[in-house]
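In case you want the letters, here they are:
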Amino acid sequence: MIESRDWSSRLSPSVQSIAPSGIRKFFDIAAQMKDVISLGVGEPDFITPWTIRESCVYGLECGYTSYTANRGMMELREEIAYHYEQEYETRYDPATDILVTVGVSEALDLAMRAVLATGDEVLIPEPCYVSYQACTILAGGVPVSVPTKLENEFRITPDELEQYVTDRTRVLLIGYPNNPTGAVMERTDLLAIAKFAEKHDLLVISDEIYGDLTYGDEKHIAFSSLPNMQERTILLNGFSKAYAMTGWRIGYAMGNQAIIAAMTKIHQYTMLCAPITAQLAAIEALRRGEKYMKKMVAEYDRRRRLIYDGFTKIGLPCFEPKGAFYIFPDITPSGYQDEEFAEELLKAEHVALVPGSAFGVCGAGHVRCSYATSIDKISEALARIENFLAKHKKT
Ligand code: PLP
């Protein structure tokens with residue numbers, strides 16, 4: 001470390017006001033322990049399907065090593081547009097309505113910076129992905145947490161949202177299927193939210209990165225495919241989760257042309273373009289990756305049922321998650337707070353999971369478990385959690 005005076009007073013106030021993500025802390029501890037089973041990381045345990053990897057290697061061999069258009073390669077934008085037309089009957093013009101980004105992470109940051117003025121309020125149903133609050137603050141906005149509840153399977157309703165609307169509310173930021181709860185919103189739920197957005201003339205940023213990871217009979221619904229919603233929705237999606245491509249850093253945003261142009265302006269000065277290698281791989285994912293993706297989804301589904309049954313048997317209440325690869329059991333029967341539960345479980349039984357309060361105040365009393373890990377490891381983790389409760393439960 002460089003010897004220096006304390007420079008912290010020179011840091012930007014908005015950066016100082018945000019805390020580092022609560023997720024990583026546990027992995028730093030876990031990384032130093034042997035024999036840890038991690039249900040902590042929100043990342044597929046599969047590697048990217050071979051045809052996708054191969055297309056990138058081939059592209060490199062052919063000399064594709066340059067910048068691309070700021071908005072991303074036209075072939076990729078066309079594939080994305082085609083995909084949305086086929087899957088959701090929603091038309092996007094690849095020339096004006098789509099921006100290829102460095103993951104949904106960049107797309108979220110750009111969306112916030114493109115639409116928020118200082119002091120604008122953003123409604124954020126919680127528990128939610130850790131970046132939502134931070135990106136709002138870094139863009140000069142004010143995050144307004146709207147708690148959701150286990151009784152309602154962590155869905156959001158217009159009545160709950162209404163209580164938090166003010167004359168400064170500009171954006172509703174939703175993420176379903178949800179990280180950390182695994183909640184999904186069905187068509188009727190979403191139609192009610194659409195009405196609410198129209199009533200208050202809100203933009204809706206819809207993070208649908210887990211859209212392909214939806215289980216059971218209900219298919220995922222793109223928010224922009226609902227009546228009148230396309231023009232007011234900035235839809236974010238990417239390849240990290242469904243195609244096991246977290247390391248490639250590739251995603252996209254879709255929306256009305258004025259907003260996409262504004263986001264492109266920021267992107268061209270800050271990022272220039274997403275890596276060409278990742279764009280080539282993403283084209284292949286959309287052209288020929290679906291059957292591999294569906295296999296991974298079927299495997300997550302098997303694990304989902306195992307872990308849901310496991311927690312139910314152990315006596316930690318949870319609802320059946322229908323999307324993403326997370327389950328969010330209530331650990332209050334253990335007598336511990338969620339942070340303490342995660343720490344003690346890690347120490348005693350070497351199982352890593354994430355305290356629910358890392359995802360917002362109303363996540364307290366829960367833990368997030370990712371089932372993006374093998375059936376054997378999930379079974380062993382469940383046995384260890386049961387053992388922990390038998391030995392260490394506080395009464
Ligand atoms: N949105 C949600 C809800 C996530 O869970 C994650 C990653 O965990 C991201 C966005 C970031 O995705 P990407 O890898 O595309 O940046």
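Residues numbered from 1 in each chain as written. Predicted model: local features only at pLDDT ≥ 70, side-chain atom pairs only at ≥ 80, totals over all residues. Heavy atoms only, no water.

K.L.:
Would you mind going over the site of the ligand with me for this structure?
P.N.:
For the ligand, the full set of nearby residues is G103, V104, S105, Y129, Y132, N179, D207, I209, Y210, S240, K241 and R249. In this structure, V104 approaches the ligand through a main-chain N or O atom, which is 2.7 Å from an oxygen atom. Within the contact set of the ligand, a nitrogen atom lies 2.6 Å away from a side-chain nitrogen or oxygen of D207. In the complex, 92% of the free accessible area of the ligand, which totals 390 Å², lies under the protein chains. (Near = heavy atom within 4 Å. Polar contact = N/O pair within 3.5 Å; in protein donor to acceptor, adjacent residues only side chain to side chain. Areas by Shrake-Rupley, 256 points an atom, 1.4 Å probe, with all protein chains shown as cover.)

K.L.:
Honestly, the sheet that holds strand β11 (residues 354–355) in this entry has me stumped. Any pointers?
P.N.:
By way of backbone hydrogen bonds, the strands of a sheet pair with one another, either parallel or antiparallel. Reading across the sheet, the three strands line up as β9-β12-β11 and stay open at both edges, with antiparallel pairing between neighbours. Strand pairing shows two members of the sheet lacking a second neighbour, β9 (326–327) and β11, which therefore form its edges. Inspection of the sheet shows β9 paired to strand β12 (residues 367–370) by two bridges, in the antiparallel sense. Looking across to β12, one finds that Y326 is bridged to S370. (Pairing = 2+ DSSP bridges. Helix = DSSP H or I, 4+ residues; strand = E, 2+ residues; numbered from the N terminus.)

K.L.:
How do you make sense of the domain arrangement of the chain when you look at a structure like this?
P.N.:
Interface size is often expressed as the accessible area that is lost when the parts come together. When its domains are assigned, the chain resolves into domain 1 (12–48 + 291–392) and domain 2 (50–289). On the domain 2 side, the residues contacting the 39 residues of domain 1 number 39 residues. Both faces combined, the contact of domain 1 with domain 2 buries some 3300 Å², and carbon together with sulfur accounts for 67% of it. The interface formed by domain 1 and domain 2 contains 17 residue pairs in polar contact (both at pLDDT 80 or more). The dominant element in the side of domain 1 that touches domain 2, judged by the number of residues it contributes, is helix α11 (residues 290–314), at eight residues. Residues that form the side of domain 1 that touches domain 2 fall into these classes: 23 nonpolar, nine polar and seven charged. (Domains from an automatic or database assignment. Contact = heavy atoms within 4.5 Å. Buried area = accessible area lost by both parts, 1.4 Å probe. Nonpolar A, V, L, I, M, F, W, Y, C, P; charged D, E, K, R; others polar.)

K.L.:
Before we go on, may I ask you to explain helix α3 (residues 50–61) in this structure?
P.N.:
Because an α-helix completes one turn every 3.6 residues, residues spaced three or four positions apart along the sequence face the same direction. Taking 1.5 Å of rise per residue, twelve residues should cover 16 Å, and α3 covers 16 Å from first to last C-alpha, within 8% of that figure. Regarding α3, the residues found buried are T51, I52, S55, C56 and G59. For α3, the buried positions fall inside an angular range of 140° around the axis, keeping them on one side. Among the exposed residues of α3, those oriented more than 90 degrees off its buried face are Y58 and E61. Along its buried surface, α3 packs onto α10 (276–288) and α11. Phi for G63, located one or two positions after α3, is positive at around 95°. (Expected span 1.5 Å × (residues − 1). Buried < 20%, exposed > 50% of the residue type's maximum accessible area, 1.4 Å probe, protein only. Arc of directions from axis to C-beta.)

K.L.:
Sorry, what's going on with helix α8 (residues 187–199) here?
P.N.:
In this model, α8 (13 residues) spans 18 Å end to end at C-alpha, consistent with the 18 Å of a helix rising 1.5 Å per residue. Looking only at α8, the buried set comprises D189, L190, I193, A194, F196 and A197. Projected onto a plane normal to the axis of α8, the buried residues spread over an arc of 160° and lie on a single side. Summarising the geometry of α8, the exposed residues directed more than 90 degrees from the buried face are T188, K195 and K199. Buried positions along α8 lie against β3 (121–126), α7 (158–162), β5 (169–174) and β6 (203–207). One or two positions beyond α8, positive phi appears at D201, with a value near 50°.

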